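Structural characterization, general
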There are 2 protein chains.
Amino acid sequence: MAKYSQIADEIRKRILAGRYAVDHALPDQGKLAAEFETSRITIKKAIELLVVEGLVYSRQGSGTYVRKNALEMSKLDSKMDEYVGVTHQLADRSTITSQILHFDVRFPTDIEAEKLMLTKTQPVYAIDRLRLLSGEPFLIEHTIMPVEVIPNITKEILLNSIYHYIKGELGLKFGGANQHIRADKPNELDQKYLKCAQDDPVLEIDQVVYLTDGVPFEYSQTRHRYDQGDILVVTINSV
Amino acid sequence: MAKYSQIADEIRKRILAGRYAVDHALPDQGKLAAEFETSRITIKKAIELLVVEGLVYSRQGSGTYVRKNALEMSKLDSKMDEYVGVTHQLADRSTITSQILHFDVRFPTDIEAEKLMLTKTQPVYAIDRLRLLSGEPFLIEHTIMPVEVIPNITKEILLNSIYHYIKGELGLKFGGANQHIRADKPNELDQKYLKCAQDDPVLEIDQVVYLTDGVPFEYSQTRHRYDQGDILVVTINSV
DNA sequence: GAGTGGTCTAGACCACTAG
DNA sequence: TAGTGGTCTAGACCACTCC
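Because the structure is predicted, anything quoted here is derived from the model rather than measured.

Within chain A, the regular secondary structure consists of 8 helices and 10 strands. A compact globule built from 239 residues should have a C-alpha radius of gyration of about 18 Å, whereas chain A, at 22 Å, is more than 25% larger. Considering only C-alpha atoms, chain A reaches an extent of 65 × 40 × 30 Å along its principal axes. Across chain A, contacts joining residues at least 24 apart in sequence account for 59% of those joining residues at least 6 apart. Surface accessibility of chain A: about 11,800 Å² in total, with carbon and sulfur atoms responsible for 51%. On chain A, the mean spot of the 29 positive side-chain charges and the mean spot of the 34 negative ones are 6 Å from each other.

Quick look at the structure:
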């Protein structure tokens, strides 16, 4: 582990423990360099990590200060989903189960081919899953994935976590996502599987998810019951 | 302007112009350092900026490559709202007008005091605005702001942009936000002002917005017509 | 003017990838 | 084994803040 990363860990620990008070300046970079027996550049890099996390901010000519909301930010951080930076506020993720509504392989539609950067002759998986929290349905997921990028999907994988398979078995890394979030009226599927009433709204997330190299591997629509959790977006502006 | 920032601009321009092909490696850091007549550290810092933007990714021992979705990312970037990293997909922002439904000063409720880190005796502004796009209502905004942080709000300011006032007149900088997004059934106000039917869902954003130093300056609920734009969230994972 | 963070350099070594 | 990116150093100068 890099030295600057260890130093960032130590400083973070001190902030959360209250040793560096909220709204007060940290020791200057020179003093920290002396304490950690390293160069000032290394200290600066450690502090940059904390700036990006939203824990501190630096003002040239003045100092580096602990943000007033440092504790809130760190609390939210721990809730963030590891793969999208967006969390569905759930009591307990371990109680999530899946039910496969549909699973086959076919050629992509025009839109699917465009979103996934495919030609019309590169096959895709088409997957519909109902996901349940403690046995109660809370979202329907319609997912398209390129066979070429994510090969050998099985029903066993679908009953567990696709992301776990991609990260664990395939060794691929998640590189980002673009999500469009909107409210909608319930359609027949929502009413049937999510047990929505006619006037129960649904929350839809339409997203494309990319690997580190920018290759798209998932184009999906997820429809949530309106009363089952919300979406959390945390933004940090370090400019 | 810092040299590394200028170099990043130039490399970004080359990528978008197609001079560095998608999915191919950039010249190595040594070659770039020679070309730009600078040190390798400075080149690395420039590349780090591009990594955070989602334009390229680096693999130790191999090289720095242009992401396959580099062009998409840069398109979305230009749509991003400057203050939250979340955009309402609007045809033309310049046609937005506001109507003040309510405006007064009072003491905060318990929840407001907690969200804004205030005591119960520090006054807040309470503002309700209806916002219209080309004359058509598309969202209702309920905003609480601490008088101490954002002083001297007037009706003139409310009819234009509060953010413009905060940035321009007060010289304060936006430092981040936490947003909860959910779908909901329309309430009386939605039906009255947004002209929602009984079964038209609304998209609600509940947010706290912070200044650079972590001081919260806005706690608000925004309710959108479900057929007027969505929310765009862009996530980039550089780890 | 003193003190702070921001940038930049030249050089070194390490970790990793690929042929 | 050669080539790449990642880290780190010591020292320097600049830009900015605050007294």
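Here we take up the pairing of strand 9 (residues 216-225) of chain A. Residue and element names in this part refer to chain A. Counting buried positions along strand 9 yields 10 of 10 residues, so the element is predominantly enclosed. Bridge count between strand 6 (residues 136-146) and strand 9: 6 bridges; the pairing is antiparallel. Pairing of Thr143 across the sheet is with Ser220, part of strand 9. In this sheet, strand 9 lies alongside strand 8 (residues 202-211) in antiparallel orientation, the contact comprising 9 bridges.

Quick look at the domain arrangement of chain A now. Here chain A is described as being made up of domain 1 (3-74) and domain 2 (86-225). Taking only C-alpha atoms into account, the centre of domain 1 of chain A sits 39 Å from that of domain 2 of chain A.

Before going further, it helps to examine the UniProt feature "domain: HTH gntR-type" (unreviewed entry) in chain A. In the numbering used here, UniProt assigns the feature "domain: HTH gntR-type" (unreviewed entry) to residues 1-69 of chain A. Summarising residues 1-69 of chain A: 51% helix, 12% strand, and an end-to-end C-alpha distance of 28 Å.

Bringing the protein's contact with DNA strand C into the picture now. Not every one of the 26 residues close to DNA strand C is listed here, only the nearest: A:Arg40, B:Lys3, B:Tyr4, B:Thr38 and B:Thr42. Taking all atoms of DNA strand C within 4 Å of the protein, the share assigned to sugar and phosphate is 68%. At 2.5 Å, a side-chain N or O of B:Tyr4 approaches a phosphate oxygen of DNA strand C. The biggest single contributor to the surface near DNA strand C is helix 3 (residues 40-53) of chain B, with 4 residues. Split into classes, the residues belonging to the surface near DNA strand C amount to 4 nonpolar, 13 polar and 9 charged.

All names here are of chain A. At their nearest, the axes of helix 1 (residues 3-16) and helix 3 (residues 40-53) sit 8 Å apart, and the two run at 55 degrees to each other. Accordingly, the angle class assigned to the pair helix 1 and helix 3 is oblique. Between helix 1 and helix 3 lies a crossing of right-handed hand. Of the residues in helix 3, those touching helix 1 at Lys3, Tyr4, Ser5, Ile7, Ala8, Ile11 and Arg12 are Thr42, Ile43, Lys45, Ala46, Leu49, Leu50 and Glu53. Grouping the constituent residues of the contact of helix 1 with helix 3 by class yields 8 nonpolar, 2 polar and 4 charged.

Here the focus is the protein's contact with DNA strand D. Near DNA strand D you find 26 residues, and of these A:Lys3, A:Tyr4, A:Thr38, A:Thr42 and B:Arg40 are the closest. Restricting attention to atoms of DNA strand D within 4 Å of the protein, one finds that 66% of them are sugar or phosphate atoms. At a separation of 3.0 Å, a phosphate oxygen of DNA strand D approaches a polar backbone atom of B:Gln29. Within the side chain of B:Arg40, a nitrogen or oxygen atom sits 2.6 Å from a base oxygen of DNA strand D. Looking at the surface near DNA strand D, the elements that each hand over two or more residues are helix 1 and helix 3 of chain A together with helix 2 (29-35), helix 3, strand 1 (56-59) and strand 2 (63-66) of chain B. With 4 residues, the top contributor of residues to the surface near DNA strand D is helix 3 of chain A. For the surface near DNA strand D, the per-class residue count stands at 4 nonpolar, 13 polar and 9 charged.

Now for the interface of chain B and chain A. Each side of the interface is counted separately: chain B has 47 residues, and chain A has 47 residues. For the pairing of chain B and chain A, the buried interface totals around 4,100 Å² over both sides, and the portion due to carbon and sulfur atoms is 53%. Here chain B and chain A share 6 salt bridges between them. Close ionic contact of B:Lys45 with A:Glu48 constitutes a salt bridge, the shortest N to O distance being 3.7 Å. For the side of chain B that touches chain A, the secondary-structure elements that each account for two or more residues are helix 3, helix 4 (70-79), strand 7 (174-184), strand 8 (202-211) and strand 10 (231-236) of chain B. Looking at which element gives the most residues to the side of chain B that touches chain A, the answer is strand 7 of chain B, with 11 residues.

How each quantity is defined
Residues numbered from 1 in each chain as written. Chains lettered and ligands numbered in written order. Predicted model: local features only at pLDDT ≥ 70, side-chain atom pairs only at ≥ 80, totals over all residues. Heavy atoms only, no water. Helix = DSSP H or I, 4+ residues; strand = E, 2+ residues; numbered from the N terminus. Rg over C-alpha atoms; globule rule 2.2 N^0.38 Å. Contact = heavy atoms within 4.5 Å. Areas by Shrake-Rupley, 256 points an atom, 1.4 Å probe, with all protein chains shown as cover. Lys, Arg positive; Asp, Glu negative; His and termini not counted. Charge placed at Lys NZ, Arg CZ, Asp CG, Glu CD. Buried < 20%, exposed > 50% of the residue type's maximum accessible area, 1.4 Å probe, protein only. Pairing = 2+ DSSP bridges. Domains from an automatic or database assignment. UniProt positions renumbered as here; feature names shortened; annotations may be inferred. Near = heavy atom within 4 Å. Polar contact = N/O pair within 3.5 Å; in protein donor to acceptor, adjacent residues only side chain to side chain. Nonpolar A, V, L, I, M, F, W, Y, C, P; charged D, E, K, R; others polar. Axes fitted to C-alpha atoms, helices over the stretch in contact; angles between N-to-C directions. Parallel < 35°, antiparallel > 145°, perpendicular 65-115°, else oblique. Left-handed = near helix turned anticlockwise from the far one by under 90°. Buried area = accessible area lost by both parts, 1.4 Å probe. Salt bridge = Lys/Arg side-chain N within 4 Å of Asp/Glu carboxyl O.

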